[in-house]
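# Understanding the architecture of this molecule
Each chain, written out:
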Amino acid sequence: MRRNVRPLLLSALISLATSGCAEGTQGAARAPAPRAGSAATLPGLDGAVTVTSDGLGIPTIRAASREDALRALGFVTARDRLFQLDLLRRSNGGRLAEVLGRDLLEADTLQRQYGFLRAATAILARLPESQRAALDAYAEGVNAYLRSAEALPIEFRQLGYRPEPWRPEDSLLVVLGMFKALSVTEETERTRTVLTRSLPKSVTTFLLDDIDPYTRALLGAQAWAPPPLPAEELRALVAQSQTTHAGGLGVLSEAAGEAPVGSNGWAVAGQRTRDGRAIVANDMHLELGVPNIWYRAELRYGDSELAGLVLPGVPVIIVGTNRHVAWGMTNLDGDVMDLVRIETHPERPDEYRTPSGWRRFDVAQETIKVRGGPDVAVTVRSTIWGPVTPRPLLGEPVALRWTAIDPEGVDIGLLEMDRARSVDEAASVMNAAGGPGCNVLLADRRGRVAWTVTGRMPRRRGFDGSVSVSWADGRAGWEGYLAPAALPRIVDPPAGFVVNANHRMPLAEGAPVLGRDYTNGYRAYRITERLREARPVTEADLLEVQLDTRAGFFDFYRDLALRALTEEAVSRRPALAEARRAVTAWDGRADVASVGLPFLIRFRRALVKEVFATWLGPSRAAEPTLKLDLPEVDTPLQRVLHERSPDLVPAPEGGWDAFILAALERAVTTVKQEHGGRPLDQIAWGAVSRVRIAHPLGASPELAARLNMPDEPLAGCGACVRLVSQTFSASERLVVSPGREPEGILHMPAGQSGDPLSPNYRDQQRAWVDGRPLPLLAGPAVHTLTLVPERR
């Protein structure tokens, strides 16, 4: 489901900005965003609300009720992030072309076909009254700011439009956008289906084994035996590829398995801290941009005091603390989506088979308005299971059954975290909530910790959800969702801490299957290793763990390279002398000054490319346009490389050693080309790992310096605890003990404001790059805003 529209968005925005299509100076930076004065009227308030902002622009909202606090939150979020709010709802609702032009038509069409606009309306109609009231209150706050603003941000003036009033459905569109960002199971189900139908079963089982050595060590006795290595079948695939020259070159992405979208989270119990406090640490890895995806806020109303991060557009503290319980989240990689194979009528293509007989497709016409061009009509076909996807699978249409577009599958139940007083109560709130599937790490004031999950998990009948099957005869399907009480929990583990880094968790026998294709367990293994070494721990200690740059994931490839780079081999291939010096010089880390790692990563990629191209030839032939999404490539690759058998890989005439040396030579050539011929042992990791955080208008050189964050070296790697990969990294780092919030830590890239002329546009960036702690709670007030009810 993930589709990166950022390049299209950048292109459209910059072409509009530089064409002088709207008022405002060509290429100008944003004019100062309107900032509210000392008082403003906010219709709908029951009483006055005070909003103080500190030097970083972080608001503290004091109100008598939850709804009044959320009205104020909507007001100040619009004040600081109005253009971001509008882009979020337009992107998820399929309405970008309306203001940005035809370049965004394809992205809009996809959103319309998935039906987010219709889903948001249906979800809203089913929400409980308390959640409807929260969404209404937030919308009232956003709209009050829209009415009171003397001027709009420059993006609107340059693009020549005024944002529409905010609706409760728009908040749900933002929620659905996060579902989309975290959903990876459509591509993995396509991959599993293609592999299952094109390769021997033993090879498919081998390739899809998601218990890597690190996860196996964490699971211990709960880890089942790895599947047998299908040597004969792999030999046949290699021979077939060499005979027919029909490999699967390019079937995998170049960086397959290196940089998952995920997060780190752990909770340390009081038995491992100096004074019995429990601490949660959480860093969520997402695509970075300006402004940041998160908005910092503190809310105080009634007996509730919350501090943490808000997703702009959604009136909920996503991760943070309520003084009694602290919580963090990581992506679950849960299987909440199925591709239903559709059996169309052989003579009437507008009909499909269902358990109750043949039925006509539901057909709707969507109209997409296009800036500077005629409207475009989009035909959306749907089934009783969900919309028909734009892409067929192995030549057959498939329908999408997905929690995100099921009115029973989505809500904003995280609102109730303001009332949780223990890890048990918090786990119950999380289990009942209908947001994107996530792991949840919890800690409470009594020193207790827990792990559980949030989000609705389908209860399947007649199949396991791993591959696409037909539901036409009624034997396969969904039977609602697992009951909240059935979702797994780990409470007060004997180790005194619990960790999740998107890996498979150790669960009790009989626990429901929530997903598959989990992330490689190296990050979780390294975090566990660090926590076992440390006692007692403090908040500062846990921030240090979040910044860990040990890159042990690549140790296997270092050792493989050094075994091959013998004196004899180097004497026959002089170019490899540099490779041996670089690999020998590697310090095992991904620090800015580390050398050797750029070469090792290219060596690994060369091996992945060559080996999987050979094995996946039949799969490429079966589905030529599909980029196979294997979330874990290193486990099968390393098992085969450990065998040192030349007929299991595309080895040249020189055999096994020649195969490894050829991969090393390709890596040498690639790295030297990328770095102007510099010696490999002089290429530091900082030359490769650079943080690139861009504003939507920051694509041109003249605007990049004003709008983007600095392009500079950043420690960390795609496999490190400190995950860094191109535009993906920690979107925040939170460390907090409930009840001890003044000692908590929270920093994030960029800043609180979306206004480039604001001092809060980039004032948190330096701390984020350097790994320097910033306080969780807002500091002394430098600005006070009083919101008052409308006179009646």
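Each remark here, short or long, concerns the structure printed above.
Residues numbered from 1 in each chain as written. Predicted model: local features only at pLDDT ≥ 70, side-chain atom pairs only at ≥ 80, totals over all residues. Heavy atoms only, no water.

### Observations regarding the pairing of strand 17 (residues 449-454)
Across the six residues of strand 17, six count as buried, placing the element largely inside the fold. Of the two faces of strand 17, the one carrying Val449, Trp451 and Val453 and the one carrying Ala450, Thr452 and Thr454 are both buried. Relative to strand 17, strand 16 (residues 438-444) is paired through six bridges, and the arrangement is antiparallel. Looking at strand 17, one finds that Asn439 is bridged to Val453. Pairing of strand 17 with strand 21 (residues 489-491) involves three bridges; the strand directions are antiparallel. By the bridge assignment for strand 21, Trp451 is matched with Ile490. (Buried < 20%, exposed > 50% of the residue type's maximum accessible area, 1.4 Å probe, protein only. Helix = DSSP H or I, 4+ residues; strand = E, 2+ residues; numbered from the N terminus. Pairing = 2+ DSSP bridges.)

### Brief notes about the sheet that holds strand 1 (residues 39-41)
The eleven strands are arranged 1-29-2-3-6-7-8-9-16-17-21 in an open sheet whose pairing can be described as mixed. Each end of this open sheet is capped by a strand with a single partner; those strands are strand 1 and strand 21. With direction set aside, neighbouring strand axes in the sheet form an average angle of 25°. As paired elements, strand 1 and strand 29 (residues 783-788) share three bridges and run parallel to each other. Bridge pairing in strand 29 places Thr41 opposite Val788. (Axes fitted to C-alpha atoms, helices over the stretch in contact; angles between N-to-C directions.)

### Looking at the packing of helix 4 (residues 105-114) against helix 5 (residues 116-126)
The N-to-C vectors of helix 4 and helix 5 enclose an angle of 40°; their axes lie 5 Å apart at closest approach. Overall, the two elements helix 4 and helix 5 adopt an arrangement that is oblique. On helix 5, the residues touching Gln111, Arg112, Gln113 and Tyr114 of helix 4 are Phe116, Leu117 and Arg118. Its residues assigned to classes, the contact of helix 4 with helix 5 shows three nonpolar, two polar and two charged. (Parallel < 35°, antiparallel > 145°, perpendicular 65-115°, else oblique. Contact = heavy atoms within 4.5 Å. Nonpolar A, V, L, I, M, F, W, Y, C, P; charged D, E, K, R; others polar.)

### Quick look at the pattern of salt bridges
In this structure the tally under the stated criterion is 67 salt bridges. Asp80 is the partner of Arg79 in a salt bridge, and the nearest nitrogen-oxygen pair spans 3.1 Å. Across this residue pair, the class does not change: Arg79 and Asp80 are buried. Each of Asp86, Arg89, Arg90, Arg95, Glu98, Glu164, Arg167 and Asp170 takes part in one network of salt bridges that share partners. (Salt bridge = Lys/Arg side-chain N within 4 Å of Asp/Glu carboxyl O.)

### Focus: the packing of aromatic side chains
Under the definition given, this model contains 16 aromatic pairs. Relative to Tyr481, the ring of Trp478 has its centre 6.0 Å away and its plane inclined at 70°; by these criteria the two rings are edge-to-face. Seen in terms of ring centroids, Phe612 and Trp615 are 5.2 Å apart; in terms of plane orientation they differ by 70°. Their pairing is edge-to-face. Here Trp615 and Phe612 lie together in helix 19 (residues 597-615), a separation of three residues that amounts to about one turn. Classification of Phe612 by relative accessible area gives buried; the value is 1%. Taken together through their ring pairs, the aromatic side chains of Tyr352, Phe361, Trp385, Phe463 and Trp471 make up a single cluster. Above the face of the Phe361 ring, Arg381 is positioned so that its terminal group lies 4.2 Å from the ring centre. (Phe/Tyr/Trp six-rings, centres within 6.5 Å; stacked < 30°, edge-to-face > 60°. Lys NZ or Arg CZ within 6 Å of the ring centre and 35° of its normal.)

### Comments concerning the environment of Leu208
For Leu208, the position within the fold is in the loop between helix 10 (201-207) and helix 11 (213-219). Of the residues examined, Leu208 reaches a relative accessible area of 12% and is grouped as buried. A C-alpha to C-alpha distance of 37 Å links Leu208 and Pro696, two positions 488 residues apart in sequence. Dropping the residues within four chain positions of it, Leu208 is found in contact with Arg192, Leu195 and Leu630.

### Digging into helix 22 (residues 656-674)
Between its first and last C-alpha atoms helix 22 spans 28 Å; for 19 residues at 1.5 Å apiece the expected length is 27 Å, and the two agree. Of the positions making up helix 22, those classed as buried are Trp656, Ala658, Phe659, Ile660, Leu661, Ala663, Leu664, Ala667, Val668 and Val671. Positive phi appears at Gly676, one or two residues downstream of helix 22, with a value of about 65°. (Expected span 1.5 Å × (residues − 1).)

### A few points about unusual backbone geometry
Here the bond from Val290 into Pro291 is cis, since omega is -5°, no more than 30 degrees from zero. Looking at where Pro291 falls in the secondary structure, it is placed in the loop between strand 5 (279-287) and strand 6 (295-301). Between Arg535 and the following residue, Pro536, the backbone shows a cis peptide bond with an omega angle of -5°. Tracing the chain through its elements places Pro536 in the loop between helix 14 (522-533) and helix 15 (539-546). Of note, Leu394 is a non-glycine position whose phi angle comes to about 50°, a positive value. Within the element layout of this structure, Leu394 appears in the loop between strand 14 (376-382) and strand 15 (398-402).

### Looking at helix 14
Because an α-helix packs 3.6 residues into every turn, residues spaced three or four apart end up facing the same way. Given a rise of 1.5 Å per residue, twelve residues ought to cover 16 Å, and the 17 Å separating the end C-alpha atoms of helix 14 matches this to within 8%. By the burial criterion, the buried members of helix 14 are Tyr522, Arg523, Ala524, Arg526, Ile527, Thr528, Arg530 and Leu531.

### A few points about the side chain of Asp335
Here Asp335 is to be found in the loop between strand 9 (325-331) and strand 10 (337-341). Exposure remark for Asp335: the relative accessible area of 6% places this residue in the buried category. A polar contact of 2.6 Å, which involves the side chain of Asp335, links it to the side chain of Arg516. When near neighbours in sequence (up to four residues on either side) are disregarded, Asp335 contacts Thr185, Pro458, Arg460, Asp464, Gly465, Leu514, Gly515 and Arg516. (Polar contact = N/O pair within 3.5 Å; in protein donor to acceptor, adjacent residues only side chain to side chain.)

### Quick notes on the packing of helix 16 (residues 555-564) against helix 18 (residues 575-585)
Relative orientation of the contacting elements helix 16 and helix 18 amounts to 140°, with a least axis distance of 10 Å. The orientation of helix 16 relative to helix 18 falls into the category oblique. The handedness of the crossing between helix 16 and helix 18 is left-handed. For the pair helix 16 and helix 18, the contacting residues are Arg558, Ala561 and Leu562 in the first and Arg580, Val583 and Thr584 in the second. Here the contact of helix 16 with helix 18 is composed, by residue class, of three nonpolar, one polar and two charged. (Left-handed = near helix turned anticlockwise from the far one by under 90°.)

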